[in-house]
Amino acid sequence: MNTLPVPRAEGRLGHLPRWGAEPLPLLEEGAALAGRRGLFGLQLGLRAVVGFSPEWNRKLLGDLETFRSVGSFSRLVPHLAGGIILTDAPEHAGRRRELNPGFSRPEVGNLVDAMRVAMPPMPRQYDALAWADLAALKMLNAAYFSGEFDEGLLHTFLAPLRRAFPVPILPQPLTRCRVDAELRRLAQRRRSAPRPDLLTFLLGVPDGLTEARISLAAAHDTVTHALAYCLWYAACCARWPTPQQHPALLKEVLRLYPPGWMGSRRVSRDLVWEGIHIPKGTLALYAPYLSGRDPVLWDAPRDFQPERWASKPPAWAYLPFGGGERTCLGMHLAQSLILTVLAQTPPLRVRWGRPTPQPGLTLGPRGPLWLEHR
């Protein structure tokens, strides 16, 4: 059997100190050691393997029997621990068939006008990161609840996701009870008077209120960070991008700064990959951050070049929304929200900011990102 390369560790704690303090340099060191094999090991309190090659991505995201979600990192975060996120094969396919219609491109298209109306005004000078946080909250509220969810409660519910660990994994029983009560209140309204929103659709799905709460939590910070980066890089362009260029701008942001910078599964049975034995119970990670910056797959991978999207990307190398059967349920919603904002945004220029990526539960700019109208 081949030996798995392993980055520098720190004594009995293994890689946990570096994972907590500097996960991106740790990943990049591992990727350099892995080379073309695209696989390296970590010790995170249990054995872990990290892969970033297209072949590994295809295997991990396609073989739902071997790579299970129940033992993944998501299980540790109360906001995400349930619903479709932790549903494994064989039940997963049927559950997705129930949920997909409401989150399809045509159905999300019917929500665009409501999201556009909910978009907050842009001051002449503002921090794009803070503004994107507010915009995501208001526009997702419009898409899910026709803007009727108590905004202060929604902010309180989502705020821990934006904090450093261990805050996102701490239970919030009182807030959770208030959120569930608000969901039941809005659901009761829709049973007598349906509204053109996602909650109305989800009421027709078994345990739909759980899916509403979890998918909303999964959407908010990912949208916030991708939107903030899009506004920053649009302002950095010598010429303000046209609406026809916005999709390429968004794709390039998501290649370099995928909010879901790391995905995890647990291996359900012994596996041999590239001559390396991966035992049952191993934490198996895939890294969209590394796949999107791999010089084997991309020309000038660290350069921001939206024009590269005139050609199709390498298969299984671009994974901001995962892939295969487990492609992110909210992909069309997130893209539509961000493109709606870009279409309504006047030309901007950069004042100053700190766009350096900061990994937490999601990957976002360290901030702030101060912009002003041109």
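Heads up: these notes are all about the structure in this document. Residues take numbers from 1 onward in each chain, read along the sequence in its written order. Whole-chain, interface and lining totals are the exception, using all residues; otherwise, since this is a predicted model, local features are given only for residues with pLDDT of at least 70 and side-chain atom pairs are given and counted only at 80 or more. Water and hydrogen atoms play no part in the side-chain values, which are based on all heavy atoms of the structure.

**Re a nonpolar patch on the surface**
As a reminder of what qualifies: Only residues whose relative accessible area exceeds 30% and that form no salt bridge are eligible for patches; like-charged ones are grouped when within 9 Å, while nonpolar side chains (Val, Leu, Ile, Met, Phe, Trp, Tyr) are grouped when within 5 Å. Calculation of accessible area relied on Shrake-Rupley with a 1.4 Å probe; when residues are assessed, cover is drawn exclusively from the protein chains displayed. Each salt bridge in this description consists of a side-chain nitrogen of Lys or Arg and a carboxyl oxygen of Asp or Glu lying within 4 Å of one another. Only DSSP runs of H or I with at least four residues qualify as helices, and only runs of E with at least two residues qualify as strands; both kinds are numbered from the N terminus onward. Summary of the burial criterion: residues with accessible area below 20% of their type's maximum are buried, those above 50% are exposed, and those between are partly exposed, where the area comes from a 1.4 Å probe applied to protein chains only.
Among the surface-exposed residues, Leu 76, Phe 165, Ile 169 and Leu 170 lie close enough to one another that they form a single nonpolar patch of about 360 Å² accessible area. Along the polypeptide, Leu 170 turns up in the loop between helix 8 (151–158) and helix 9 (173–192). For Leu 170, a relative accessible area of 45% gives the class partly exposed.

**Looking at helix 2 (residues 23–34)**
In plain terms, the rule: The length a helix should cover is 1.5 Å for every residue beyond the first. Each C-beta atom gives one direction from the helix axis, and the arc is the one those directions make. For this analysis, residues touch if any pair of their heavy atoms sits within 4.5 Å.
When the terminal C-alpha atoms of helix 2 are compared, their 16 Å separation across 12 residues agrees well with the 16 Å that a helix rising 1.5 Å per residue should span. Of all the residues in helix 2, the buried ones are Pro 23, Leu 24, Leu 26, Leu 27, Gly 30, Ala 31 and Ala 34. Each buried residue of helix 2 sits inside an arc of 160° when the element is viewed along its axis, so together they form one side. Residues of helix 2 that are buried make contact with helix 1 (16–21), strand 1 (39–43), strand 2 (47–51), helix 13 (288–291), strand 10 (357–359) and strand 11 (363–365). Following helix 2 by one or two positions, Gly 35 has its phi on the positive side, about 60°.

**Quick word on the state of the cysteines**
To keep it simple, the criterion reads: When two cysteine sulfur atoms are found within 2.5 Å, that pair is recorded as a disulfide.
Tallied over the entire structure, the rule returns zero disulfides. As a non-bridged cysteine, Cys 236 has Cys 237 as the owner of its nearest cysteine sulfur, 7.2 Å distant. A relative accessible area of 44% places Cys 236 in the partly exposed class.

**Focus on the sheet that holds strand 4 (residues 125–127)**
The test is simple: What makes two strands pair is DSSP finding at least two bridges between them. Between N-to-C directions, angles cover 0 to 180 degrees, with each direction set by a line fitted to C-alpha atoms, over the stretch in contact for helices.
Taken together, the three strands give an open sheet; going across it, the order is 4-12-9, and neighbouring strands pair in antiparallel fashion. Of all strands in the sheet, those with a lone pairing partner are strand 4 and strand 9 (348–353), marking the two edges. Averaged over all pairs of adjacent strands, the angle between their axes in this sheet comes to 25°, without regard to strand direction. Here strand 4 pairs with strand 12 (residues 369–373) via three bridges, running antiparallel. Counted as the bridge partner of Gln 125 is Glu 372 from strand 12. Of the strands in this sheet, strand 4 and strand 12 touch helix 7 (residues 128–145), which is tilted by about 75° from strand 4.

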